[in-house]
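Single-letter residue listing:
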Amino acid sequence: MLVAAAAERNKNPILDVFKQYVDQEPGKKILEIASGTGQHALHIAQNFPNAIVQPSERNPRSLHSIVAYIDKYRLPNLRVPLCIDVTKAPDFWCLTSDFTRSDVDVVLNINMIHISSDAAVDGIFSSSGLILKRGTGLLITYGPYKIDGVCRPQSNVDFDASLREQNPEWGLRDIADLKAKALHHRLELVDIHAMPANNHMLIFRRM
């Protein structure tokens, strides 16, 4: 069972914003893309006991960690993780029968966009446009971003440079570019929340 210090620090601030947009109506379907260690999926499931929380990952080590959290806490609303490659269309995801097209309430994506290929970033938005409920479904992302072409503060500038050294496709994406990408897939950016440690949460709604 893996424990990420950053996830422990940011899980409550993320939850506070999440609660502003997602109510406790029974049966809410929450799909987390790139669940990492599983800490966020667990935290959401604990605080939304009436929701169905479906974690996912493509990294085997992370999948094992998520399963370890499930085995330890045994929450009835936290499902066994799916192995999802977001660069592929949802038809290839082996989603359960109740997570169908245009029937998911929330797609949650935390700290992935800046360490992803262009194809993976495109996949987050294209798949969300397909599986979220029309008019109400939300894509909620969290992480560091550029704003109108500007990267700040210096720590984010340095972080962006170090990511691009590791992989030319990685790095902080500009919110304006993500907004345009979202619109192409029938998603509109409805809110931006400044978060601790120079991160932001972006709230997109399926049109």
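Residues numbered from 1 in each chain as written. Predicted model: local features only at pLDDT ≥ 70, side-chain atom pairs only at ≥ 80, totals over all residues. Heavy atoms only, no water.

By the naming in an unreviewed UniProt entry, the protein chain is Methyltransferase domain-containing protein, taken from Steinernema carpocapsae. Quoted straight from UniProt, the Sequence similarities (unreviewed entry) entry for the protein chain says "Belongs to the UPF0585 family." (UniProt positions renumbered as here; feature names shortened; annotations may be inferred.)

Participant: What's the story with the packing of helix α4 (residues 118-131) against helix α6 (residues 175-184) in this structure? I'm lost.
Facilitator: Where α4 contacts α6, the axes come no closer than 8 Å and their chain directions differ by 45°. In terms of axis orientation, α4 runs oblique to α6. The handedness of the crossing between α4 and α6 is right-handed. Contacts between α4 and α6 pair V121, D122 and F125 from the former with L178, K181 and A182 from the latter. By residue class, the composition of the contact of α4 with α6 is 4 nonpolar, no polar and 2 charged. (Axes fitted to C-alpha atoms, helices over the stretch in contact; angles between N-to-C directions. Helix = DSSP H or I, 4+ residues; strand = E, 2+ residues; numbered from the N terminus. Parallel < 35°, antiparallel > 145°, perpendicular 65-115°, else oblique. Left-handed = near helix turned anticlockwise from the far one by under 90°. Contact = heavy atoms within 4.5 Å. Nonpolar A, V, L, I, M, F, W, Y, C, P; charged D, E, K, R; others polar.)

Participant: Before we go on, may I ask you to explain α6 in this structure?
Facilitator: For the α-helix, the turn length of 3.6 residues means that residues three or four positions removed from each other point alike. Every buried residue belonging to α6 is among I175, L178 and A182, and all of these are buried. The buried residues of α6 occupy an angular sector of 60° when the element is viewed end-on, so they sit on one face. Structural note: α6 exposes D177 and H184 on the side pointing more than 90 degrees away from its buried face. Along its buried surface, α6 packs onto α4, β7 (187-195) and β8 (199-206). A side-chain oxygen of the first residue of α6 lies 2.9 Å from the backbone nitrogen of A176; this N-cap is D174. Looking one or two residues beyond α6, the residue adopting positive phi is R186, at roughly 65°. (Buried < 20%, exposed > 50% of the residue type's maximum accessible area, 1.4 Å probe, protein only. Arc of directions from axis to C-beta. Polar contact = N/O pair within 3.5 Å; in protein donor to acceptor, adjacent residues only side chain to side chain.)

Participant: So what exactly am I meant to see when it comes to the environment of P13 here?
Facilitator: Tracing the chain through its elements places P13 in helix α1 (residues 5-21). Through-space distance from the C-alpha of P13 to that of K181 is 26 Å; in sequence the pair is 168 residues apart. Excluding residues within four positions of it along the chain, P13 makes contact with M195 and P196.

Participant: So what exactly am I meant to see when it comes to the pattern of salt bridges here?
Facilitator: Side-chain pairs of opposite charge can arise where the charged atoms are in close proximity. For the structure shown, the criterion picks out 12 salt bridges. Ionic pairing is found between R101 and D91, a salt bridge with its closest N-O pair at 3.3 Å. Taken as a pair, R101 in the loop between β4 (82-83) and β5 (106-110) and D91 in the loop between β4 and β5 lie far apart in primary sequence, 10 residues in all. Judged by its relative accessible area of 59%, D91 falls in the exposed class. Taken together, the shared-partner salt bridges in this structure form one network comprising D23, E25 and K28. (Salt bridge = Lys/Arg side-chain N within 4 Å of Asp/Glu carboxyl O.)

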